[in-house]
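Survey of secondary and tertiary structure
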Amino acid sequence: MAAGTSQGDLGRSLRPVAPGVRAREARCGGGVRAVAGRSHAPCPLQAGPGPTVSLPELRLLLASGRARLFDVRSREEAAAGTIPGALNIPVSELESALQMEPAAFQPLYSAEKPKLDDENLVFFCQKGRRGFQATQLAQSLGYTGARNYAGAYQEWLEKVG
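The numbers attached to residues start from 1 for each chain and follow its sequence in the written order. Selection of residues for local features in this predicted model requires a pLDDT of at least 70, selection of side-chain atom pairs for listing and counting requires 80 or more, and totals for whole chains, interfaces and linings are taken over all residues. Calculated side-chain values reflect all of the structure's heavy atoms, with hydrogen atoms and water omitted.

1. A look at the overall build of the chain
To keep things clear, this is the line we draw: By definition, any uninterrupted DSSP run of H or I lasting at least four residues is a helix, any uninterrupted run of E lasting at least two residues is a strand, and each is numbered from the N terminus. Burial here depends on accessible area, computed with a 1.4 Å probe over protein chains only, as a share of the maximum for the residue type. Under 20% is buried, over 50% is exposed, and the range in between is partly exposed. Should any heavy atoms of two residues lie within 4.5 Å, those residues are considered in contact.
When its secondary structure is counted, the chain shows 7 helices and 7 strands. In the chain, the succession of helices and strands from N to C terminus is α-β-β-β-α-β-α-β-α-α-β-α-β-α. Scored against the burial criterion, the 161 residues of the chain give a buried share of 42%. Put simply, of all contacts in the chain between residues at least 6 apart along the chain, 52% involve residues at least 24 apart.

What follows is the structure, given as structure tokens:
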């Protein structure tokens with residue numbers, strides 16, 4: 001703990017990373033979280049099955065048609081290349097898009113709006129940060145199947161092409 005920082009201060013300085021995660025638990029964009037009174041623990045959004053999708057799992061989900069992909073990079077980034085089948089909704093638009101009525105979503109994005117209980121709504125960006133933020137946002141809006149492809153487009157491009 002930093003000098004001059006109490007456990008109470010630590011708890012107030014950190015925001016929850018997902019519904020059900022207490023405020024005492026730190027942000028975990030780097031794969032670990034600081035927990036008041038302990039050193040580090042695995043991040044709940046980066047470890048094991050659940051909100052994070054690995055490349056092998058993503059490939060299986062795509063092959064079986066059991067995932068919906070959301071590219072949250074800018075339109076320009078997505079136009080330069082994306083994972084086949086991904087719907088581009090820039091992270092700056094995501095909150096309003098996920099709160100739209102389905103009738104408004106369809107013509108704007110040429111796709112059906114995801115449902116709150118849809119499984120395997122997989123968000124990704126270029127390197128992982130915006131995809132992680134998008135996953136957190138979708139979860140906070142009640143999308144229980146929101147998941148993050150942590151390897152992001154960079155890994156896809158390097159390993160799949």
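2. Thoughts on the environment of E155
Take E155: it is sitting in helix α7 (residues 152-159). For the pair E155 and K127, spaced 28 residues apart in sequence, the C-alpha to C-alpha distance is 8.0 Å. Here E155 is in contact with L55, Y149 and V160, once residues within four sequence places are set aside.

3. A few points about α7
Selection rule: Arc definition: directions from the helix axis to the C-beta atoms.
Along α7, the residues that are buried comprise A152, Y153, E155 and W156. End-on view of α7: buried residues confined to an arc of 160°, all on one side of the axis. Where α7 is buried, its residues contact α2 (55-63), β6 (121-124) and β7 (146-149). In the stretch just after α7, G161 is the one whose phi turns positive, near 95°.

4. Focus: the sheet that holds strand β4 (residues 68-71)
The criterion, for reference: Two strands form a pair only when DSSP identifies at least two bridges running between them.
Here we have 5 strands laid out as an open sheet, ordered β3-β7-β6-β4-β5, and parallel in their pairing. Edge positions in the open sheet fall to β3 (52-53) and β5 (87-88), since each of these has one partner strand only. Summarising the sheet, β6 and β7 pair through 3 bridges and their orientation is parallel. Looking at β7, one finds that F123 is bridged to N148.

5. Overview of the packing of aromatic side chains
Stated precisely, the cut-off is as follows: Each Phe, Tyr or Trp ring (for Trp, its six-membered ring) is paired with any other whose centre lies within 6.5 Å, and the angle between the two planes then decides the class: stacked below 30 degrees, edge-to-face above 60, tilted in between.
Considering all chains together, one arrives at 2 aromatic pairs under this definition. Look at F70 and F123: their rings are 5.1 Å apart centre to centre, the planes differ by 20°, and that puts the pair in the stacked class. Of this pair, F70 sits in strand β4 while F123 is found in strand β6, placing the two residues 53 residues apart along the sequence. Residue F123 is classed as buried on the basis of its relative accessible area of 2%.

6. A closer look at the packing of helix α4 (residues 91-99) against helix α6 (residues 129-140)
Rules: Between N-to-C directions, angles cover 0 to 180 degrees, with each direction set by a line fitted to C-alpha atoms, over the stretch in contact for helices. For classification purposes, angles smaller than 35 degrees are called roughly parallel, those larger than 145 roughly antiparallel, those between 65 and 115 roughly perpendicular, and all remaining angles oblique. In a left-handed crossing the near helix is turned counterclockwise from the far helix by less than a right angle, and in a right-handed crossing that turn is clockwise. In this classification, the charged set is Asp, Glu, Lys and Arg, the nonpolar set is Ala, Val, Leu, Ile, Met, Phe, Trp, Tyr, Cys and Pro, and all remaining amino acids, among them Gly, are polar.
The contact between α4 and α6 brings their axes to 10 Å, and the two run at 15°. As far as their axial angle goes, α6 and α4 are roughly parallel. Read as a crossing pair, α4 and α6 show a hand that is right-handed. Listed contacts from α6 to V91, L94, E95 and L98 of α4 are R130, A134, L137 and A138. Residue composition of the contact of α4 with α6, by class: 6 nonpolar, no polar and 2 charged.

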